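What follows is each chain in one-letter form.
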Amino acid sequence: MYSCGPTVYWYQHIGNLRTYIFSDILKRVLTYNGYKVKHVMNITDVGHLTSDADTGEDKIEVAAQKEKKAVEDIINYYWKIFREDFKKLNISEPDIWCRATEHIKEQIELIKTLEKKGYTYRTSDGIYFDTSKVKDYGKLAKLNVENLEPGKRVAIKEKKNPTDFALWKFSAVPGKRQQEWPSPWGIGFPGWHIECSAMSMKYLGEHFDIHTGGEDHIPVHHTNEIAQSEAATGKKFVNYWLHGAFLLFKGEKVSKSKGGLYTISELEKMGFVPLAFRYLCLTAHYRSQLDFSLDNLSNAQNAYNRIKRIISELKNDGKINEFYLMKFEKAINYDLDMPKALSIAWNLLRDEKAEGKYKTLVKMDGIFGLSLFKKEEIIISEEIKLLVEEREKARKEKNWKKADEIRRKINELGWQIDDTKEGPKIRKA
């Protein structure tokens, strides 16, 4: 299984992270079913230009100039943050991380193979793949290539066809870029698409099972991966292509121009726990676009806190509830139907006659990845402690109005207070 990883020039926003949650769920379901999964994910640390039309500047180089740092520092910093987000969201890391800059040799060899087979041509700015030589080009995206007007997808310039793409780009001024390499065609750097083909085939072979990514990868990146890989090997490249749908904000894809482009760290600063976002992602099918709002996330966090609270009170009777587990397995194996699986877990919790809740939900959480059974240390601030003491004093003095006012204030600060025989108990709302 190969997953398209991040271009590490900036923080990954929650729209990106939804796709990685989906691929994590897929891997968990495959493992649950007894498959041994070899998972590879790339790190794009060169060659991803600001336009899919092979124009503009390299995003990594631009970030380094903007932040006045070495490219390596930019890459290491944003990759580190990305992996921290994985940990916060309970996304398991791949078996192999592969960086594009560490596989230049493999990319050059793949381009040489394509050149020998007559699929390439040279322009003033690079070596390009001739898509007209692939009869079924665009089959993944169902592209109507004949009716694709020049300029609709790319500026044609020296290209033979509007869909042709760069395999190797020449440095405009050799020595100016931080990242450039010698090649049989001149000093430069690889195109974005060739990176994934070269690295996936190195670690998984010329033909493998599953390739994942976001739905935005379908029309260009994954279409081009298929074309160059199958042209080079003469074999089917991948058995199954699975794509996660967009996260929407106000009805449109989350983006810098439209808004909703939060990072996990920004959401944490607002008081949200990262796994509340994972819970929200489970409420929609991975192939369905999901509307994001802070209200929706707040509702997801409330539901997440509620399910954890109910589970914390369960007793382990040592049994498995086969009825609910069978329904759950049917849902997850029906194209990863997580909304249905989540509703089955809730139905089990609400079923007063059901046995085996504890062990069955442990198995379910192995797929959800929500850490539902993890006991978290709750740190109560001094402010809350003082309010609780003040409320107890008011209650002893039978000043019920003041006690109720303090309770409301405690609730507004995100806490609940339960009056018990042993005294007041504090918990997160």
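Residues numbered from 1 in each chain as written. Predicted model: local features only at pLDDT ≥ 70, side-chain atom pairs only at ≥ 80, totals over all residues. Heavy atoms only, no water.

A. Summary view of the environment of E61. Its location among the elements puts E61 in helix 2 (residues 59–67). By relative accessible area, E61 is classed as buried at 6%. It is 13 Å that separates the C-alpha atoms of E61 and G175, two residues lying 114 residues apart in sequence. Non-local contacts of E61, meaning those with residues more than four positions away in its chain, are made with V71, R177, Q178 and Q179. Here Q179 takes part through its backbone nitrogen, which lies 2.9 Å from a polar atom of the side chain of E61. (Helix = DSSP H or I, 4+ residues; strand = E, 2+ residues; numbered from the N terminus. Buried < 20%, exposed > 50% of the residue type's maximum accessible area, 1.4 Å probe, protein only. Contact = heavy atoms within 4.5 Å. Polar contact = N/O pair within 3.5 Å; in protein donor to acceptor, adjacent residues only side chain to side chain.)

B. Spatial organisation of the packing of aromatic side chains. Here the structure, examined in full by the defined rule, presents 24 aromatic pairs. Centroid distance W10 to Y11: 4.9 Å. Interplanar angle 70 degrees. Geometry classified as edge-to-face. Take W10: its relative accessible area is 39%, and that puts it in the partly exposed class. Using a relative accessible area of 29% as the deciding quantity, one classes Y11 as partly exposed. Aromatic pair Y279 and Y304: ring centres 6.5 Å apart, planes at 55 degrees, arrangement tilted. With Y279 in helix 8 (residues 274–282) and Y304 in helix 9 (residues 294–312), this pair connects stretches of sequence that are 25 residues apart. (Phe/Tyr/Trp six-rings, centres within 6.5 Å; stacked < 30°, edge-to-face > 60°.)

C. Structural view of the pattern of salt bridges. Summed over all chains, the structure comprises 26 salt bridges. The residue R278 makes a salt bridge to D24 at a minimum N-O spacing of 2.8 Å. Note that R278 is positioned in helix 8 and D24 in helix 1 (residues 14–32), a separation of 254 residues in sequence. We note that R278, like D24, is buried. Among the salt bridges present, the one from R99 reaches D45, with a minimum N-O distance of 2.8 Å. A residue pair is termed long-range when its members are at least 10 positions apart, and R99 in strand 3 (residues 96–99) and D45 in the loop between strand 2 (40–43) and helix 2 qualify at 54 residues. Overall, R99 belongs to the buried group, its relative accessible area being 7%. A single salt-bridge network, built from bridges that share partners, covers R391, E392, R395, R407 and D419. (Salt bridge = Lys/Arg side-chain N within 4 Å of Asp/Glu carboxyl O.)

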